[in-house]
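# Observations on the three-dimensional arrangement
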Amino acid sequence: MKLNAIGLNQETSKSLSKDLNELLANFQQYYLNLRGIHWNIRGKRFFDLHEKFEELYVDANLKVDEVAERVLTLGGVPYHTFQDYSSNAKVPVGKNVTKDEDAIRLIVDSLKELLIIERKILDASDDAKDEGTNSMMSDFITEQEKTVWMMKAWLAEEI
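Residues numbered from 1 in each chain as written. Predicted model: local features only at pLDDT ≥ 70, side-chain atom pairs only at ≥ 80, totals over all residues. Heavy atoms only, no water.

As a further point, take the packing of helix H1 (residues 10-40) against helix H5 (residues 131-154). Where H1 contacts H5, the axes come no closer than 13 Å and their chain directions differ by 30 degrees. One way to sum up the angle between H1 and H5 is to call them roughly parallel. Between H1 and H5 lies a crossing whose hand is left-handed. Note on element contacts: H5 touches H1 through Thr-133, Met-137, Phe-140 and Gln-144, opposite Leu-20, Leu-23 and Phe-27. Looking at the contact of H1 with H5 residue by residue, the class counts come to 5 nonpolar, 2 polar and no charged. (Axes fitted to C-alpha atoms, helices over the stretch in contact; angles between N-to-C directions. Helix = DSSP H or I, 4+ residues; strand = E, 2+ residues; numbered from the N terminus. Parallel < 35°, antiparallel > 145°, perpendicular 65-115°, else oblique. Left-handed = near helix turned anticlockwise from the far one by under 90°. Contact = heavy atoms within 4.5 Å. Nonpolar A, V, L, I, M, F, W, Y, C, P; charged D, E, K, R; others polar.)

To continue, consider unusual backbone geometry. For Asn-96, which is not a glycine, the phi torsion comes out positive at approximately 60 degrees. For Asn-96, a relative accessible area of 62% gives the class exposed. Positive phi, close to 60 degrees, is recorded for Ala-156, a residue that is not glycine. Structurally, Ala-156 can be placed in the segment after H5. The exposure class assigned to Ala-156 is exposed, which follows from its relative accessible area of 70%. (Buried < 20%, exposed > 50% of the residue type's maximum accessible area, 1.4 Å probe, protein only.)

Counting through the fold element by element, Glu-54 comes out in helix H2 (residues 46-73). Look at Glu-54 and you get partly exposed, because its relative accessible area is 36%. With 16 residues separating them in the primary sequence, Glu-54 and His-38 have C-alpha atoms 6.2 Å apart.

Turning our attention to empty space enclosed by the protein. For the structure on display, the rule yields 1 cavity of 30 Å³ or more. Considering only enclosed or pocket space, the largest cavity measures out at about 70 Å³ in volume. Lining the largest cavity are Phe-27, Tyr-30, Leu-56, Asp-59, Lys-63, Leu-111, Glu-143, Gln-144 and Thr-147. Sorting the residues of the lining of the largest cavity by element identifies H1, H2 and H5 as the ones contributing at least two each. In the lining of the largest cavity, the residues fall into 4 nonpolar, 2 polar and 3 charged. (1 Å grid on protein atoms, 1.4 Å probe; cavity = no way out; pocket = protein on both sides within 12 Å on 5 of 7 lines; lining within 4 Å. Points joined across faces, edges and corners; volume = space filled by probe spheres on them.)

Set out below in structure tokens:
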């Protein structure tokens, strides 16, 4: 077994980089969704939601950078084209979303997809003893689960 410069199995790191690129593509789509609903939201809840959506897209943009840097740390090359993102993303595309409930539902649906990918990476990084990736996924999951709970509460739906 050949180890890389950070002491992880090279083949396992390559596989984790691939999974992280999948997450990166999905985070980019989530980020674009958030920008779109931030710009296009209408209605009586505009001021509150406009601000909340900005908070979420700023956070998503930071996470995009963290994921890309982790791909590089593991020896991979992060996706960086719209073609990469669109052909690898499972997060739903939110086009022309202007209604509050539709926007919140888009966030919940997007986070559900991200959480599925993150849990897959969490398991793989645990098996690989890759604490850096594992810790990142754990932090993302904890934060996003809380956001889902809050958005479902806003929708008056059960988690």
